[in-house]
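Chains, contacts and geometry: an overview
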Amino acid sequence: MPERNRQVLLKRRPNGMPVPGDFDIVDAPLPEPRDGEVLLRGLYLSLDPYMRGRISGQRSYARPVEIGEVIEGRVVGQVVRSNHPGLCEGDYAMGGYGWQLYSTVPGNGLLKLKPNEAPISTALGILGMPGMTAYIGLSNIGEPKAGETVVISAASGAVGAVAGQLAKRQGARVVGIAGGADKCRYVKDELGFDAALDHRSPDLGAALEQACPKGIDVYFENVGGAVQHAVFPRLNDFGRMIMCGMISEYNDTTPRPGPNLMSAVRKRLRIQGFIVSDHWQRYGEFRALAAPLVKSGQLRYREDIVAGLDNAPEAFIGLLQGKNFGKLLIRLGPDPTR
Ligand SMILES: NC(=O)c1ccc[n+]([C@@H]2O[C@H](COP(=O)([O-])OP(=O)(O)OC[C@H]3O[C@@H](n4cnc5c(N)ncnc54)[C@H](OP(=O)(O)O)[C@@H]3O)[C@@H](O)[C@H]2O)c1
């Protein structure tokens, strides 16, 4: 076992799109687990859009990462040393912390993983926070019914791919929006959406008219900006807009003028935001539904795995520019289960 840890720290707060110089990569001593804690060796680090908010310093529903701190993130790894009765050396678990190779975390907060149930990396994607986000957004807010039209932005991504497949299982017509021909092909041909539209095409509004002849009943909003502007006026009466995220606006330095929300009144729309972490008590229910579907291949997923912690800043910047194709993970070390 190496005696040193390696970490990515926040060097300064990004101004607009982050750049590699906003991050510092350093060696550090290996942390010692205290009573009730374990030392986890990271195998996969999840990179997620919410991290842009955490490094901005804005007050939000969660504490920001301070300058000089390890960047926040969730890790799947292997227990190296345990001071917790429920976890042994060699166990696989989800719940390691941060952009670093090793972390010490309370054993109580870890989810033990069985490699024969699903690849352990899926605990950060389809069977983890992003999959759960899709499930909560649809079941609590969207509530799609058979025959309704559901539109999903960032449809090839970690949340969108699951949301579309779940809506399809409920009998809805599902239209995905993604960036570029390859992602659109994947969304339609491999994930089984009814149609996929490229948000870079010159007239997204006309493409939506054609793909959604009966209008839009549910919009799963992951993107904001121009995509939101094209979808919003096409919502039907009593439409539901699942306000999950607006990634296209995360690097804005000045706020944009908002949509004309008067439609929400006229059309009796329900527009509701949600944060997946308020709903963890339903995680068991989600995993019981989704894990067998993943195992049987009925719920499909794609991972975009970048090797090496040192490449995390560049991969994260790529995520904010749509360069990832599938759930973005950093491989921190060799995965003995694959
Ligand atoms: N509310 C919650 O609790 C919660 C939890 C998790 C995630 N979220 C939100 O869900 C959304 C999706 O997250 P994810 O983890 O599934 O990420 P992801 O889709 O795997 O990756 C981000 C994707 O966003 C798209 N994108 C980036 N910039 C864009 C732009 N300017 N215009 C249009 N699309 C753009 C890109 O896809 P294309 O190439 O297809 O454009 C990119 O691949 C994010 O807004 C995130 O903040 C919310």
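Located above this text is the structure these notes cover.
A brief structural summary. (Residues numbered from 1 in each chain as written. Predicted model: local features only at pLDDT ≥ 70, side-chain atom pairs only at ≥ 80, totals over all residues. Heavy atoms only, no water.)

1. Examining the side chain of Asp 48
The condition is simple: Helix and strand labels come from DSSP, where a helix needs a run of H or I of at least four residues and a strand needs a run of E of at least two; each type is numbered from the N terminus. Two N or O atoms form a polar contact when they lie within 3.5 Å of each other; inside protein one atom must be a possible hydrogen donor and the other a possible acceptor, and for residues adjacent in sequence the pair counts only when both atoms belong to side chains. By the convention used here, residues are in contact when the closest approach between their heavy atoms is within 4.5 Å.
Mapped onto the fold, Asp 48 is located in the loop between β3 (37-46) and α1 (50-54). For Asp 48, the side chain forms a polar contact with the side chain of Lys 327, separated by 3.1 Å. Those residues in contact with Asp 48 that lie beyond four places of it in its chain are Met 129, Pro 130, Phe 316, Leu 319 and Lys 327.

2. Things to note about the site of the ligand
The test is simple: Any residue with a non-hydrogen atom lying within 4 Å of a molecule or strand is treated as near it. Note on areas: Shrake-Rupley, 1.4 Å probe, and residue coverage restricted to the protein chains presented here. In this classification, Asp, Glu, Lys and Arg are treated as charged, Ala, Val, Leu, Ile, Met, Phe, Trp, Tyr, Cys and Pro as nonpolar, and every other residue, Gly included, as polar.
Around the ligand sit 26 residues, and of these Lys 183, His 199, Tyr 250, Val 276 and Asn 324 come closest. Here Val 159 contributes a backbone N or O atom positioned 2.8 Å from an oxygen atom of the ligand. In this structure, an oxygen atom belonging to the ligand sits 2.7 Å away from a side-chain N or O atom of Tyr 250. The fraction of the free accessible surface of the ligand (910 Å²) that becomes covered by protein chains is 91%. Breaking the shell around the ligand down by element, the ones donating at least two residues are α2 (129-142) and α3 (158-169). Tallied by class, the residues present in the shell around the ligand amount to 16 nonpolar, nine polar and one charged.

3. Some thoughts on the nonpolar core
The criterion, for reference: We call a set of buried residues a nonpolar core when its members are Ala, Val, Leu, Ile, Met, Phe, Trp, Tyr or Cys and they connect through side-chain atoms within 4.5 Å of each other. Working definition: with a 1.4 Å probe on protein chains only, accessible area under 20% of the residue-type maximum means buried, over 50% means exposed, and in between means partly exposed.
Core analysis: the largest hydrophobic core is formed by 83 residues, its most contacted members being Leu 45, Leu 47, Trp 99, Val 151, Leu 208 and Phe 316. Ranked by the residues each element gives to this core, the list is headed by α2, at seven residues. Ranked by size, the runner-up nonpolar core spans 10 residues in total, among them Leu 113, Ala 123, Leu 124 and Leu 329.

4. Some words on the pattern of salt bridges
Rules: A side-chain nitrogen of Lys or Arg and a carboxyl oxygen of Asp or Glu constitute a salt bridge if their distance falls within 4 Å.
Applying the stated rule across the entire model yields 21 salt bridges. The salt bridge partner of Arg 6 is Asp 27, with a shortest N-O separation of 2.9 Å. Here Arg 6 is found in strand β1 (residues 4-10), whereas its partner Asp 27 is found in strand β2 (residues 23-29), with 21 residues between them in sequence. The exposure class assigned to Arg 6 is partly exposed, which follows from its relative accessible area of 24%. For Asp 27, a relative accessible area of 47% puts it in the partly exposed group. In this structure, Arg 338 and Asp 335 form a salt bridge, with 3.9 Å as the shortest nitrogen-oxygen distance.

5. Some points on the environment of Ala 163
Locating Ala 163 in the fold gives a position in helix α3. By relative accessible area, Ala 163 is classed as buried at 0%. Taking the C-alpha atoms as reference points, Ala 163 and Pro 130, separated by 33 residues in sequence, lie 9.5 Å from one another. Setting aside anything within four residues of it in sequence, one finds Ala 163 in contact with Ala 134, Leu 138, Ile 152 and Phe 220.

6. A few points about the packing of α2 against α3
The test is simple: Angles run from 0 to 180 degrees between N-to-C directions of axes, and those axes are lines fitted to C-alpha atoms, restricted for helices to the stretch in contact. Throughout, the term roughly parallel applies to angles under 35 degrees, roughly antiparallel to angles over 145, roughly perpendicular to angles from 65 to 115, and oblique to all others. Left-handed describes a crossing in which the near helix is turned anticlockwise from the far one by less than a right angle; the clockwise case is right-handed.
Where α2 contacts α3, the axes come no closer than 8 Å and their chain directions differ by 45°. By the criterion of interaxial angle, the relationship of α2 to α3 is oblique. Read as a crossing pair, α2 and α3 show a hand that is right-handed. Residues Pro 130, Gly 131, Thr 133, Ala 134, Tyr 135 and Leu 138 of α2 touch α3, and the partners they reach there are Ala 158, Val 159, Val 162, Ala 163, Leu 166 and Ala 167. Across the contact of α2 with α3, the residue classes break down as 10 nonpolar, two polar and no charged.

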